[in-house]
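Summary of structural features
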Amino acid sequence: MLLSAQQKFILSLLREFRCLRKRQLYAFVRDRFCQPHLDITEERLEVMLRQLRACVGDVRMDGDLVFFGKTLPDAMQLEAVDVMLELCGGAPKEYSAQVRRPFLLRFVFGDTQIKTFTVVPASELASLSEYSRQVTERFVWMSGPLTYPKEIVLPPKSYLAVRQADGTHRFYGSEEP
C-alpha cells in the first residue's frame, strides 16, 4: 500500500516522538496540510491512522495514544509536546525530541523573530548551572499541577509552565535583569 503525504508525515512524527496523543497528531497534521481545498478532520485522521497501523507493523494505537515500535508512553514527553503546541499555537517551525536528558524537547517558532525553546522538568531547576544555552534559547521549566510557587526564582529567559485542571498550561515568565 502506498502512503499518502499526510501518512508519511505522521510516520515521521511518530519516529521523532515515539508516542503522541491523537489530538497532538491532529494539531501537527492540521497545521501542515489544511488548505482551502483540503480539510483534515479528526475523522479523516482516524482513518489515516487505521490504514497506517494496518500497513506499518511498528505503528500501534491504544485509546488516545499512538505509538511507534515498542515504545511505552512517557508522560513528561507527552506534556512537553502539549507545552510546545500551546506556546507556538500548534505551528512549530522545527522540533526535536532526540535531545539529551534531562531535556525533553527543543523547538523553534516565529515568523519575523525566530525563538528557540527547550523544555525541561522543573525538578532540574536547581542544577541550571550545568546547562549552557544558546544566546537566543529560552528554557520552559515544566511543573506539575500547582499554583505558581512564589519562592521559585526563575533564571533570565525562562518560563514556568504549570498544568491547569483543564489540561492546558499557565505560563509564568522570569524577570529580565
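Quick look at the sheet that holds strand β3 (residues 65-68) now. On the basis of which strands lie adjacent, the open sheet formed by 3 strands has the order β1-β3-β2 and antiparallel pairing. Of all the strands in the sheet, just β1 (19-21) and β2 (59-62) have a single pairing partner and so form its edges. Going across the sheet, the axis of each strand differs from the next one's by a mean of 20°, ignoring polarity. When β2 meets β3, the two strands line up antiparallel, connected through 4 bridges. Directly across from V59, in β3, lies its bridge partner F68. Its contacts with the sheet place helix α1 (residues 5-17) against β1, β2 and β3, and it is angled at close to 75° to β3. On top of the sheet, helix α4 (residues 75-87) reaches β1 and β3; it is set at about 55° to β1, its chief contact.

For the structure shown, the criterion picks out 7 salt bridges. A salt bridge links R21 to D82; its shortest N-O distance comes to 2.9 Å. In this pair, R21 is assigned in strand β1 and D82 in helix α4, connecting sequence segments 61 residues apart. Classification of D82 as buried rests on a relative accessible area of 3%. In this structure, E79 engages R163 in a salt bridge whose closest nitrogen and oxygen atoms are separated by 3.7 Å. Taken together, the positions of E79 in helix α4 and R163 in strand β8 (residues 158-163) put the pair 84 residues apart, joining distant regions of the chain. Classification of E79 as buried rests on a relative accessible area of 11%. Here the salt bridges do not stand alone but share partners, grouping R21, R23, E79, D82 and R163 into one network.

So, about the environment of F28. Assignment of secondary structure puts F28 in helix α2 (residues 22-33). In the structure, F28 is positioned 19 residues away from F9 in sequence and 9.1 Å away in space, judged by C-alpha atoms. For F28, the contacting residues outside a window of four places in its chain are F9, L13, F17, V81, M84, L85, P92 and Y95.

Attention now goes to α1. An ideal rise of 1.5 Å per residue puts 18 Å on 13 residues; α1 measures up with 18 Å between its terminal C-alpha atoms. If you check which residues of α1 are buried, you get Q6, Q7, F9, I10, L11, L13, L14, E16 and F17. One or two steps after α1, the chain reaches R18, where phi turns positive at roughly 70°.

Quick notes on the rules
- Residues numbered from 1 in each chain as written.
- Predicted model: local features only at pLDDT ≥ 70, side-chain atom pairs only at ≥ 80, totals over all residues.
- Heavy atoms only, no water.
- Pairing = 2+ DSSP bridges.
- Helix = DSSP H or I, 4+ residues; strand = E, 2+ residues; numbered from the N terminus.
- Axes fitted to C-alpha atoms, helices over the stretch in contact; angles between N-to-C directions.
- Contact = heavy atoms within 4.5 Å.
- Salt bridge = Lys/Arg side-chain N within 4 Å of Asp/Glu carboxyl O.
- Buried < 20%, exposed > 50% of the residue type's maximum accessible area, 1.4 Å probe, protein only.
- Expected span 1.5 Å × (residues − 1).

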